[in-house]
Amino acid sequence: MLSDITLGQFFPGKSPVHKLDARVKLILTIAYIVALFMVSNYFGYLVIVGLIGLVLALSKIPFSMLLKSLKPLIFIIAFTAVLNLFYGAGEHVLFEYGFLRITEEGIRNAIMMSLRIIFLIAGTSLLTYTTSPIMLTDAIERLLSPLKKIHLPVHELAMMMTIALRFIPTLVEETGKIMSAQKARGADFESGSLVSRVKALVPILVPLFVSAFRRADELATAMECRCYHGGENRTRMKQLTIAGRDFAACGVFALCIALIVLCNIYL
């Protein structure tokens, strides 16, 4: 299961999606999240499916990789669907037993919420799959640059967010190594009651926290040895530039937004 967590990973490539300006991709991702909450029927989600399919085809990211990113969240998706199914309000009751009630509206809400979570994870995963951490840091810093006028440490904030995102795969890999080592010593993480399973995680969490702090200290030392001083007078090897493909991507996304609005009004 730990090997299925792909959040924060970057897959290098030379596709049109990889070549898009990181600022544009970040803004479009935020707009994509807003668009998901605008969808009110299944036809709108068909537009979302078409958009994700287009991005997958252009970026050449395997569809199996996208499914892999959803696998660790199956429990959360199922739990959200059950809550909306049994505790959703509605007039057309299909089943009722005590305080449990299933309605047509509850079924619809359960499906819509599940689809929303699935497409939310899929869309945000594509951002990290096709954008390197360095470019993502530069994009966040450039977009937040107006906040420098009120003396906020924009560069440090962007660096912190990107390092935290980048360390997710590293910590997942470290957790897998620790679990393998504990299993070799006779630890059992799969049998017993829920309480016993939680207690069995203590031998994993303690060395994981120690490893995380050690890695953070090593990273801080490496940055100091390289005379890192934050965003003051720093230059960049790769400059962010907006090209015609970025305007084309914005146009395609605007078309998708228009289709979603039309689906909400007429369908």
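Here the structure is shown first, and the text comes after it.
The rules we used
Residues numbered from 1 in each chain as written. Predicted model: local features only at pLDDT ≥ 70, side-chain atom pairs only at ≥ 80, totals over all residues. Heavy atoms only, no water. Salt bridge = Lys/Arg side-chain N within 4 Å of Asp/Glu carboxyl O. Buried < 20%, exposed > 50% of the residue type's maximum accessible area, 1.4 Å probe, protein only. Axes fitted to C-alpha atoms, helices over the stretch in contact; angles between N-to-C directions. Helix = DSSP H or I, 4+ residues; strand = E, 2+ residues; numbered from the N terminus. Parallel < 35°, antiparallel > 145°, perpendicular 65-115°, else oblique. Left-handed = near helix turned anticlockwise from the far one by under 90°. Contact = heavy atoms within 4.5 Å. Nonpolar A, V, L, I, M, F, W, Y, C, P; charged D, E, K, R; others polar. Phe/Tyr/Trp six-rings, centres within 6.5 Å; stacked < 30°, edge-to-face > 60°. Patch = residues over 30% accessible without salt bridge, like charges linked within 9 Å, V, L, I, M, F, W, Y side chains within 5 Å. Areas by Shrake-Rupley, 256 points an atom, 1.4 Å probe, with all protein chains shown as cover.

**Student:** Can you help me understand the pattern of salt bridges in this one?
**Tutor:** Pairing is possible between side chains of opposite charge, provided their charged atoms come close. Taken as a whole and assessed by the stated rule, the structure comprises 4 salt bridges. As a salt-bridge pair, Asp21 and Arg23 come within 3.0 Å of each other at their nearest N and O atoms. Judged by relative accessible area, Asp21 falls into the buried class, the value being 3%. A relative accessible area of 14% means that Arg23 is categorised as buried. A salt bridge links Glu174 to Arg215; the nearest nitrogen and oxygen atoms lie 3.1 Å apart.

**Student:** Where do I start with the packing of helix H7 (residues 154-184) against helix H9 (residues 202-225) in this structure?
**Tutor:** Packed helices, taken two at a time, are described by the angle their axes make and the gap between the axes. Contact geometry of H7 with H9 gives a least axis separation of 10 Å together with a crossing angle of 140°. Here H7 is positioned oblique relative to H9, judged by the angle of their axes. Crossing angle aside, the handedness with which H7 passes H9 is right-handed. Along the contact surface, H7 presents Ile163, Phe167, Thr170, Leu171, Glu174, Thr175, Ile178, Met179 and Gln182, while H9 presents Pro203, Ile204, Pro207, Leu208, Ser211, Ala212, Arg215 and Leu219. For the contact of H7 with H9, the per-class residue count stands at 11 nonpolar, 4 polar and 2 charged.

**Student:** Can you walk me through the packing of aromatic side chains in this structure?
**Tutor:** To describe a pair of aromatic rings, one takes the distance between the centres and the angle between the planes. Here the structure, examined in full by the defined rule, presents 3 aromatic pairs. When the ring of Phe11 is compared with that of Tyr129, the centres are 5.1 Å apart and the planes differ by 80°; the resulting orientation is edge-to-face. In this pair, Phe11 is assigned in the segment before helix H1 (22-38) and Tyr129 in helix H5 (residues 104-130), connecting sequence segments 118 residues apart. With a relative accessible area of 0%, Tyr129 lands in the buried category. Between Tyr45 and Phe119, the aromatic rings sit 5.6 Å apart at their centres with planes inclined by 25°, giving stacked as the arrangement. You can see Tyr45 sitting in helix H2 (residues 42-59) and its partner Phe119 sitting in helix H5, a full 74 residues away along the chain. Given the relative accessible area of 3%, Tyr45 is considered buried.

**Student:** Would you take a moment to explain a nonpolar patch on the surface for this structure?
**Tutor:** Together, Ile30, Val34, Met38, Phe43, Leu46, Leu255, Leu259, Val261, Leu262, Ile265, Tyr266 and Leu267 give the surface a local cluster of nonpolar side chains, amounting to about 1200 Å² of exposed area. Element by element, the count of residues in the nonpolar patch is highest for helix H10 (residues 244-266), at 6 residues. Mapped onto the elements of the fold, Tyr266 is located in helix H10. Judged by its relative accessible area of 65%, Tyr266 falls in the exposed class.

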